[in-house]
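# Coordinate inspection notes
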2 protein chains.
Amino acid sequence: MEFKINNECFYKAITEVNKAVSRKSPLPILECIKIVANSECLILVGSNADFFIEKVIPLFINGVKVLEVINTGCIVISAKYLGEIVKKLPQDIFVKVNEQQIVTIRSGEVSTNLKGFNSKEYPRLPHIDGTKHLEIPSIELNEMIKQTIFAVSKSGTRPVLTGVNMLFDKNRFTCVATNSHRLALRELAIESNINGSFIVPSANLNELSKLFNNGLGMIHIYLIESYIVFKSNNISLFSRLIEGNYPNVSGLFSAHYKTGIILDTIQFLQGIDRAYLFASEWRNNNVQLEIKDGNKIQISSNSLEIGEIVETQTIKKIVGETDLSISLDGNFLLDALKAVKEKEVKLSFSGPMRPVLIEPLENPSYIQLISPVRTY
Amino acid sequence: MEFKINNECFYKAITEVNKAVSRKSPLPILECIKIVANSECLILVGSNADFFIEKVIPLFINGVKVLEVINTGCIVISAKYLGEIVKKLPQDIFVKVNEQQIVTIRSGEVSTNLKGFNSKEYPRLPHIDGTKHLEIPSIELNEMIKQTIFAVSKSGTRPVLTGVNMLFDKNRFTCVATNSHRLALRELAIESNINGSFIVPSANLNELSKLFNNGLGMIHIYLIESYIVFKSNNISLFSRLIEGNYPNVSGLFSAHYKTGIILDTIQFLQGIDRAYLFASEWRNNNVQLEIKDGNKIQISSNSLEIGEIVETQTIKKIVGETDLSISLDGNFLLDALKAVKEKEVKLSFSGPMRPVLIEPLENPSYIQLISPVRTY
């Protein structure tokens, strides 16, 4: 194997596929990147066996020649060292692999030899057959992930809750995440021939939203046995699915709420952020909300040892009962409000011990629930 | 005590004095800031009992009124909470302390009560008498600290080596730091009536260079019993000195070197940075330097398990013997070269086991030494 490549382009690709590589693994090959040189492109693959990122570097990018393949072939190299070396090389990089799988990397006056591994031992990419498939704009997929992923469970006691549930049903795509104390649900109308419910590990979706964060183009989603694949022009992510049944959340939403209030999203977020200061010292991150004088909301928190913080904000509109006092986890409320892009947010209450419904005004596709905290 | 203050100006001052406050102390008062309201200014003091930062906020800054003192007085408040609250307050801040030492902080619709402490228990600032005193441009002092501080010892086995030695002698000011494997020495001609050798804790000098990093104005240095004081217009740092005798380093510099080479500083630094990649995996961070063909330097490192890296650079000028092979700690060499501002650097060698002298070309006021590493 032998090729010459533009250093910046090579470094970018290594960094991208590196996101799927294990930092520390009992199997050294899972700390490596696989490089395949074809006559018309270079393919890099990073993997920890459950998650794969594949990047294709063509011969030309925007009409500029970035790659020249002299001899085709395949090698597996330490992701850490390859990345650190290529990052520091001053100019075009020449890579050659000999029969003992020693990889020589040259650039200007710098020459490096790295030990390679046999590529036969590297995990194999699942095969895409293309029958179960849909397309979604990158910007929409990213937003759906960002608006739900924060609500997944951080503890591993119920593994299904550590992932985001992706539901494909009658031309509707839904993402749901919950840790059983809070929930975020986002819908999108979409055409697809996929049906079913799939649970995707949140760590992999995090990498996905970093890689596809430019918001350009379409993402193709494929479902193949035990994997979901997200594919753009030159980069593909293969994530193993979490096994198990995701809980049905549709029964959690109440049809009737006693009180509904509309608030300025940013102003309310800043108020919660201030009150959260003491809340974070206190058990369950309690922030108290109380309706005052029928048209104001009082946000407060206190810690016996340190002090207290209180502020009042004007409610834009109130519907139903004006008698309300409730304790919420300030951290959950902060996450929920940060995910709302709209200027106004509606909170609906059914009583001090019933979940609070949080919706952006004029956007029925995004709903969140937060369970109150017992204060006695 | 009662005053009204601009929120940004108050927050900046709190952040500055907070650098001297203990993060975690068995004495809660050492996690606090003292605030003194006089008729013509507000004084903030942060301290961990060995290090004090004092900041003065006048009534007007650049002709704009930033402070109004309604009632004079003094209070001690948790540095962490005061900082976090003031950071999040939207506008001018009104502070009032009642007889129970409850501090009420109000800004717009937000009201906070924090428990205060009696200011009598707060550590007292050492008194400046002003007899032993010198002045130095802020930019010069900062550079002297930056060019020496990295060389201090990180281990506490010899406490004197964890500080920077400041020597005042016959109109010359010298800073020295060493961990006994490497040394950095920087001199400056200066007028002073101070004589003697003082050891200043490096952690406090680190904070000093952050606080005085704008490079403007003069710094006044005072020496009072067991403290050194650095004072600018409105901020003063009081650092306790490290007790003990600093080793005399003048005998470490050899008068004769066998080989002297001149290199491009940046190019050499980048070469060491690349070679250091494998060096860091290897004991003592070894990087090998070898003179080749009488006019080239080969920089290399290797790790049996991973691979090797080799590069050659052209020597700008060579004096003396051209036969040289030496192993140095790559990390020490990187630090040394980063501290050199000049474009060209001179390295002088006396043999594979004698310290290497590193000097910027055309700047006799800055010299460094690095001891080689045994490779057998």
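Residues numbered from 1 in each chain as written. Chains lettered and ligands numbered in written order. Predicted model: local features only at pLDDT ≥ 70, side-chain atom pairs only at ≥ 80, totals over all residues. Heavy atoms only, no water.

Formally: UniProt positions are given in the numbering used here, feature names are shortened, and annotations may be inferred rather than shown by experiment.
An unreviewed UniProt entry lists chain A under the name Beta sliding clamp, with Viridibacillus soli as the source organism. Checking UniProt for chain A, the heading Subunit (unreviewed entry) contains the comment "Forms a ring-shaped head-to-tail homodimer around DNA." UniProt's Sequence similarities (unreviewed entry) comment on chain A is quoted here verbatim: "Belongs to the beta sliding clamp family."

### Quick look at the overall build of chain A
Note the following rule: By the criteria applied, helices consist of DSSP H or I runs no shorter than four residues and strands consist of E runs no shorter than two, each listed in order from the N terminus. A simple rule labels every residue: compare its accessible area, found with a 1.4 Å probe on the protein chains alone, to the largest value its type can have, and call it buried under 20%, exposed over 50%, or partly exposed in between. In this description, contact between two residues means that some pair of their heavy atoms is separated by no more than 4.5 Å. Here the accessible surface of atoms and residues is derived via Shrake-Rupley with a 1.4 Å probe, and residues count as covered only by protein chains that are part of the display. By the counting rule applied here, Lys and Arg register as positive and Asp and Glu as negative, while His and the ends of each chain are not counted. Lys charges are placed at NZ, Arg charges at CZ, Asp charges at CG and Glu charges at CD.
Within chain A one finds six helices and 28 strands. With respect to the three principal axes, the spread of C-alpha positions in chain A is 80 × 50 × 40 Å. Taken over 376 residues, chain A has a buried fraction of 53%. For chain A, contacts bridging at least 24 residues in sequence account for 66% of all contacts bridging at least 6. Here chain A has roughly 17,700 Å² of accessible surface; of this, 48% comes from carbon and sulfur atoms. Averaging the positions of the 40 positive and the 39 negative side-chain charges in chain A gives two centres separated by 2 Å.

### Let's talk about the UniProt feature "domain: DNA polymerase III beta sliding clamp N-terminal" (unreviewed entry) in chain A
Per the UniProt entry, the sites bearing "domain: DNA polymerase III beta sliding clamp N-terminal" (unreviewed entry) are residues 1–126 of chain A in this numbering. Helix and strand shares over residues 1–126 of chain A are 17% and 45% respectively, and the end C-alpha atoms of the span are 24 Å apart.

### Observations concerning the packing of aromatic side chains
In this description, an aromatic ring pair is defined by two values, namely the gap between the centres and the angle between the planes. The following threshold applies: Note on ring pairs: Phe, Tyr and Trp rings are taken, using the six-membered ring of Trp, and paired if centres are within 6.5 Å. Classes follow the plane angle, with under 30 degrees stacked, over 60 edge-to-face and the rest tilted.
For the coordinates displayed, the defined rule picks out 12 aromatic pairs over all chains. Taken together, a centroid distance of 5.6 Å and an interplanar angle of 35° make the contact between Phe278(A) and Tyr81(B) tilted. With Phe278(A) in helix α5 (residues 265–279) and Tyr81(B) in helix α2 (residues 79–88), this pair bridges two chains. These aromatic residues form a ring-pair network of at least three members: Phe52(A), Tyr227(A) and Phe238(A).

### Describing the state of the cysteines
Residues and elements named next belong to chain B. Defined as follows: Here, a disulfide means two cysteine sulfur atoms that sit within 2.5 Å of each other.
Evaluation of the coordinates by the stated rule reveals zero disulfides over all chains. Free of any disulfide, Cys-41 has its nearest cysteine sulfur in Cys-9, 12 Å distant. Residue Cys-41 is classed as buried on the basis of its relative accessible area, which comes to 9%. No disulfide involves Cys-74; its sulfur sits 12 Å from that of Cys-41, the nearest cysteine.

### Considerations on the pattern of salt bridges
Once the charged atoms of two side chains with opposite charge are near each other, the side chains can pair. Residues and elements named next belong to chain A. Our working rule: When a carboxyl oxygen of Asp or Glu lies within 4 Å of a side-chain nitrogen of Lys or Arg, that pair is called a salt bridge.
Following the criterion strictly, the structure yields 28 salt bridges over all chains and no others. Note that Arg-186 is salt-bridged to Glu-140, the shortest N-O span being 3.8 Å. In this pair, Arg-186 sits in strand β15 (residues 182–189) while Glu-140 sits in helix α3 (residues 138–146), placing the two residues 46 residues apart along the sequence. Residue Glu-140 is classed as partly exposed on the basis of its relative accessible area of 27%. Close ionic contact of Glu-143 with Lys-341 constitutes a salt bridge, the shortest N to O distance being 2.9 Å. Of this pair, Glu-143 sits in helix α3 while Lys-341 sits in the loop between α6 (330–338) and β26 (344–349), and the two are 198 residues apart along the sequence. By relative accessible area, Lys-341 is classed as exposed at 54%.

### Looking at the sheet that holds strand β24 (residues 317–320) of chain A
All names here are of chain A. Selection rule: Pairs of strands are assigned from DSSP output, requiring at least two bridges between the strands. A fitted line through C-alpha atoms serves as each axis, taken over the contacting stretch for helices, and the angle formed by two N-to-C directions is quoted from 0 to 180°.
Taken in spatial order, the nine strands line up as β16-β13-β14-β15-β28-β27-β26-β20-β24 in an open sheet, and their pairing is antiparallel. Two strands bound the open sheet, and with one partner strand each, they are β16 (196–201) and β24. Neighbour-to-neighbour, the strand axes of the sheet open up by a mean angle of 20°, direction not taken into account. Those strands touched by helix α4 (residues 202–211) are β13 (163–169) and β16, and its axis lies near 80° from that of β16. Against the sheet, α5 engages β20 (259–264) and β26, with an angle of about 95° to β20.

### A short note on the packing of helix α1 (residues 7–18) of chain A against helix α2 (residues 79–88) of chain A
All names here are of chain A. Quick note on the threshold: Working rule for angles: under 35 degrees goes down as roughly parallel, over 145 as roughly antiparallel, 65 to 115 as roughly perpendicular, anything else as oblique. Note on convention: near helix rotated counterclockwise from far helix by under a right angle means a left-handed crossing. Clockwise means right-handed. Under this grouping Gly is polar, as are all residues other than the nonpolar Ala, Val, Leu, Ile, Met, Phe, Trp, Tyr, Cys and Pro and the charged Asp, Glu, Lys and Arg.
Across the interface, α1 lies against α2 with an axial gap of 9 Å and an inter-helix angle of 150°. On the basis of the axis angle, α1 is roughly antiparallel to α2. In this structure, the crossing between α1 and α2 has a hand that is left-handed. Residues Asn-7, Phe-10, Tyr-11, Ile-14 and Asn-18 of α1 pack against Ala-79, Leu-82, Gly-83, Val-86 and Lys-87 of α2. Its residues assigned to classes, the contact of α1 with α2 comprises six nonpolar, three polar and one charged.

### Points about the sheet that holds strand β24 (residues 317–320) of chain B
Residues and elements named next belong to chain B. Reading across the sheet, the nine strands line up as β16-β13-β14-β15-β28-β27-β26-β20-β24 and stay open at both edges, with antiparallel pairing between neighbours. Whereas interior strands pair on both sides, the edge strands pair on one side only; in this sheet they are β16 (196–201) and β24. Within the sheet, the average angular offset between the axes of one strand and its neighbour, ignoring direction, is 20°. With six bridges joining them, strand β20 (residues 259–264) and strand β26 (residues 344–349) adopt antiparallel strand pairing. Within β26, the residue paired with Leu-263 across the bridge is Val-345. In the packing of helix α4 (residues 202–211) onto the sheet, the strands contacted are β13 (163–169) and β16, and the crossing angle to β16 comes to about 80°. Here helix α5 (residues 265–279) sits on the sheet in contact with β20 and β26, set at roughly 95° to β20.

### Thoughts on the packing of α5(B) against helix α6 (residues 330–338) of chain B
All names here are of chain B. Orientation of α5 relative to α6, taken along the N-to-C sense of each, is 155°, at an axis distance of 10 Å. Classed by the angle they form, the pair α5 and α6 counts as roughly antiparallel. Between α5 and α6 lies a crossing of left-handed hand. Here Thr-265, Phe-268, Leu-269, Ile-272, Asp-273 and Tyr-276 of α5 come into contact with α6, specifically with Gly-330, Asn-331, Leu-333, Leu-334, Leu-337 and Lys-338. Among the residues making up the contact of α5 with α6, the classes are represented as seven nonpolar, three polar and two charged.

### Topic: the interface of chain B and chain A
Definition in use: Buried area is a sum: the accessible area each of two parts loses on coming together, probed at 1.4 Å, counted once for each and added. Any pair of N or O atoms that falls within 3.5 Å is considered a polar contact. Within protein, one atom must be able to donate a hydrogen and the other to accept it, and sequence-neighbouring residues count only if both atoms are side-chain atoms.
At the junction of the two partners, chain B supplies 28 residues and chain A supplies 28 residues. Counting each side, the surface lost to burial between chain B and chain A is near 2,500 Å², with a carbon and sulfur contribution of 52%. Connecting chain B to chain A are two salt bridges. The partner of Lys88(B) in a salt bridge is Asp273(A), with the nearest N and O atoms 3.3 Å apart. Summed over the shared surface of chain B and chain A, the result is 12 residue pairs in polar contact (both at pLDDT 80 or more). When residues of the side of chain B that touches chain A are traced back to their parent elements, those giving at least two are α2, β11 (110–115), α5 and β23 (307–314) of chain B. A breakdown of the residues in the side of chain B that touches chain A according to their chemical character gives 12 nonpolar, five polar and 11 charged. Across five bridges, strand β11 (residues 110–115) of chain A lies against β23(B) in antiparallel orientation. The partner of Val110(A) across the bridge, within β23(B), is Glu311(B).

### What about the domain arrangement of chain A?
Residue and element names in this part refer to chain A. Convention followed: Note that the domain bounds were set by an automatic or database domain assignment.
With domains assigned, chain A is organised as domain 1 (2–121), domain 2 (133–177 + 187–250) and domain 3 (253–370). Computed from C-alpha coordinates alone, the two centres of domain 1 and domain 2 are separated by 29 Å. Every contact between the two is made by 10 residues of domain 1 and, on the other side, 11 residues of domain 2. Carbon and sulfur atoms supply 56% of the area buried between domain 1 and domain 2, which totals about 1,100 Å² over both sides. Considering only the surface of domain 1 that becomes buried against domain 2, Asp-50, Phe-51 and Glu-54 emerge as the three largest contributors, covering 45% of it.

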